[in-house]
Amino acid sequence: MEVELLSQQQALARQRVDVASIFAEHHVGLVRLALIMVGDQATAEDVVQEAFARTHAGRARLRDADKALAYVRSAVLNGCRSVLRRRATVFRRPVPYEPPVWSAESAALLGEERREVLLALRELPSRQREALTLRYYFDLSDQEVAVTMGINASTARSTIARGLAALGRALGEES
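Residues numbered from 1 in each chain as written. Predicted model: local features only at pLDDT ≥ 70, side-chain atom pairs only at ≥ 80, totals over all residues. Heavy atoms only, no water.

1. Structural notes on the overall build of the protein chain
A count of helices and strands for the protein chain gives 8 helices and 0 strands. When the helices and strands of the protein chain are listed from N to C terminus, the series reads α-α-α-α-α-α-α-α. Looking at the protein chain residue by residue over its 175 residues, the buried ones come to 25%. Taking the intrachain contacts of the protein chain between residues at least 6 apart in sequence as the baseline, contacts between residues at least 24 apart amount to 59%. (Helix = DSSP H or I, 4+ residues; strand = E, 2+ residues; numbered from the N terminus. Buried < 20%, exposed > 50% of the residue type's maximum accessible area, 1.4 Å probe, protein only. Contact = heavy atoms within 4.5 Å.)

2. A closer look at the side chain of Thr159
By secondary structure assignment, the location of Thr159 is in helix α8 (residues 153–170). Thr159 gets classed as buried once you look at its relative accessible area, which sits at 1%. At 2.7 Å, the side chain of Thr159 forms a polar contact with the backbone oxygen of Thr155. In this structure, Thr159 is in contact with Arg127, Gln128 and Ala131, ignoring residues within four places of it in sequence. (Polar contact = N/O pair within 3.5 Å; in protein donor to acceptor, adjacent residues only side chain to side chain.)

Below, the structure is given as structure tokens:
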């Protein structure tokens with residue numbers, strides 16, 4: 001195993017990287033850069049602070065003091081990209097619809113209604129249960145339900161219609 005020894009000049013260069021002075025001189029500009037990228041002040045400040053904290057923690061690994069600002073700039077841009085990726089991931093996941101709840105009593109009634117629907121759904125034939133679940137729980141179109149179940153689109157539509165009718169009868173609702 002070969003060990004890399006640093007020359008005295010390289011060791012001095014590493015010691016000269018003064019992250020505090022870079023912070024004092026370039027903090028505002030880097031926050032502006034991050035603000036343009038992420039769109040809000042608080043997140044921009046967090047990204048820059050994190051970049052400087054990581055740079056400070058790893059300052060012994062910086063080989064060239066002249067490139068420290070470029071390194072911090074890159075760290076800020078990478079931090080902004082990470083924030084934007086996390087935001088995109090959050091927006092890709094749909095928030096399930098929750099009807100408004102005005103009281104504990106209405107929440108209990110809503111829970112009871114859901115339980116009754118699930119019990120009635122379990123009593124349906126498996127093909128109707130599958131079709132209804134794919135259509136209304138996964139929000140698939142009739143064509144997507146048909147492809148998923150391996151049946152014709154018209155068969156999927158009629159299976160969904162028969163399933164809804166049976167579900168309505170099981171729940172005591174009038175057509």
